[in-house]
Amino acid sequence: MIGKKKRLTEKSREEWDNEGLYWAQRGFPEKAINCYDRAIGLDPRDKFPWQHKANALRHLKRFKEAIQCYDRVLKIDPHYLAALNWKGWCLYFLEKYEEASPFFDRALEIDVRDVSALDGKGWCLYHLGQYEFSVSCFSRAVRVDPSIEDAFTGFGWALYNLERYKEALSAFENAVRLNPMSVTALSGQAWSLYRLGRYDEAVPCFSRLFSRDGSSAETLSAQGWSLYHLKRYEEALSCFDFALESDRKDASALDGKGWVLFRLESFGDSLRCFDRALKIDSNRSTALNGKARVLRRQKHYKEALRYVDRALNSDPAYASAWDHRGLLLHKLQRYEEAVLAYEHALELKPVYPEALEHMGDAYFESGNYSAALRCYEKFLEYGPANARVAERKRLAFRKLEEGAGNEQLARRTDPVSEINEVQSLQEMAAVSNPSGTSGSGLNFFSRIRNYVKNVGK
């Protein structure tokens, strides 16, 4: 009689499984796992208790055990979409991106519109550095379901790494709209604004990010750089100091502090900051150029030139360093080399009034007054009146009227026409490829260099 009563009160596999789901939904995964184990003991060939146990283990971040359970599910049903996807995600969380990717592929063979698989595949490709393919996956995911914040975030970071900052910003804005608390999406939004030079918008974005991720020296450093570009030097200095309290070896913060102190004309302290940054990262181009700036102010032109050359060796596309190289060569009375340096600066940054002014000065000092005049005229087209440039233009014109001039530096008959041509080439490249990543965009600088090389021949 007692045995009969015991049999009547025993739970079925389905009851144990449902009880496990009850505890899982209420946030008790360990209790849920015990229930699933009872269900599995009654029928180990039923995939659902295995799947539910795997999910509970995954929530506990016991990914290796979860994978073993998903494997049992896939032995029972090799085409079970949820098990394929979640095994892929568990491998992803274990940073086994190459192993994870085929499981997302298998899921997509079953359902090409499966958002979880598209999202997971996109993130795997992102971490493997295959950004173009990653963009394709995320793009498909957000088209299928525009409410997936994680896919928009991945989409943004893949585009960001391709230097397609405008598109990246749009993706991050969508992600933040869907989840305003997402630190990863907000970070991408802030950095995209920074890369686009929209510093006034980047500053409050970095502030919000810091309020949610207060331990990040990188965030403070980025906010400091944004304030530096807005010429809010005292605020920038506070950000860099705060970042360095968090991480004394933050090369970006040391570099930024060096530049702020340089602008505040505290040259000794500035030099010490650049030296500390270079001890951490000896090839940091901005710190190398910053140290060269201090040395130039101290009139150590040859030593400064060595640091500028190191900066350009580290980053050949650093327009400001090319301009600085020109200034140093000018100081050393190597005018022809100075002009070539300014040309490089203008190739990289065609709308660069300071480089035009400096090129005009090099031509003027060498006696090529007609070329100097054209540089000054072009400079004055760009913005508000500049008394110094206006005076240099007047002097150049007067020299020409007096018949003075030495045309030995006249490598081109009209340097400003060439600058116009450079701008035209860049506009053409931008129209054909706004991101600057395709063949036509990559071809841009070689076309300019060929133009510069052949002009005047």
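Note that the coordinates shown come from a computational prediction; the quantities given were computed from them, not determined experimentally. (Residues numbered from 1 in each chain as written. Predicted model: local features only at pLDDT ≥ 70, side-chain atom pairs only at ≥ 80, totals over all residues. Heavy atoms only, no water.)

What about the packing of aromatic side chains?
Here is step 1: Considering all chains together, one arrives at 27 aromatic pairs under this definition.
Here is step 2: Between Trp157 and Tyr160, the aromatic rings sit 5.2 Å apart at their centres with planes inclined by 70°, giving edge-to-face as the arrangement. In this pair, Trp157 and Tyr160 both sit in helix H10 (residues 149-161), 3 residues apart, roughly one turn of the helix. Comparing Trp157 with Tyr160, the two get one shared label, buried.
Here is step 3: Members of the aromatic cluster, joined through ring pairs, are Trp225, Tyr228, Tyr233, Phe240, Trp259, Phe262, Phe267 and Phe274. (Phe/Tyr/Trp six-rings, centres within 6.5 Å; stacked < 30°, edge-to-face > 60°. Helix = DSSP H or I, 4+ residues; strand = E, 2+ residues; numbered from the N terminus. Buried < 20%, exposed > 50% of the residue type's maximum accessible area, 1.4 Å probe, protein only.)

Some thoughts on the environment of Glu65
Here is step 1: With respect to the secondary-structure elements, Glu65 resides in helix H5 (residues 63-76).
Here is step 2: Glu65 gets classed as partly exposed once you look at its relative accessible area, which sits at 33%.
Here is step 3: For Glu65 and Ala54, which are 11 residues apart along the polypeptide, the C-alpha to C-alpha distance reads 7.4 Å.

Focus on the packing of helix H18 (residues 285-297) against helix H20 (residues 319-331)
Here is step 1: One can describe the packing of H18 onto H20 by two numbers: an axis separation of 11 Å at closest approach and a directional angle of 25°. Judged by the angle between their axes, H18 and H20 are roughly parallel. H20 is crossed by H18, and the crossing has left-handed handedness. Along its contact with H18, which presents Asn289, Ala292, Arg293 and Arg296, the element H20 presents Ser320, Ala321, His324, Leu327 and Leu328.
Here is step 2: Along the lines of polarity and charge, the residues of the contact of H18 with H20 split into 4 nonpolar, 3 polar and 2 charged. (Axes fitted to C-alpha atoms, helices over the stretch in contact; angles between N-to-C directions. Parallel < 35°, antiparallel > 145°, perpendicular 65-115°, else oblique. Left-handed = near helix turned anticlockwise from the far one by under 90°. Contact = heavy atoms within 4.5 Å. Nonpolar A, V, L, I, M, F, W, Y, C, P; charged D, E, K, R; others polar.)

With respect to the packing of helix H13 (residues 199-212) against helix H14 (residues 217-229)
Here is step 1: Relative orientation of the contacting elements H13 and H14 amounts to 160°, with a least axis distance of 9 Å. In this view, H13 runs roughly antiparallel relative to H14, as classed from their interaxial angle. In terms of crossing hand, the pair formed by H13 and H14 is left-handed. Judged by residue contacts, Tyr199, Ala202, Val203, Phe206, Ser207, Leu209 and Phe210 of H13 engage Thr219, Leu220, Ala222, Gln223, Ser226, Leu227 and His229 from H14.
Here is step 2: Of the residues in the contact of H13 with H14, the class split is 9 nonpolar, 5 polar and no charged.

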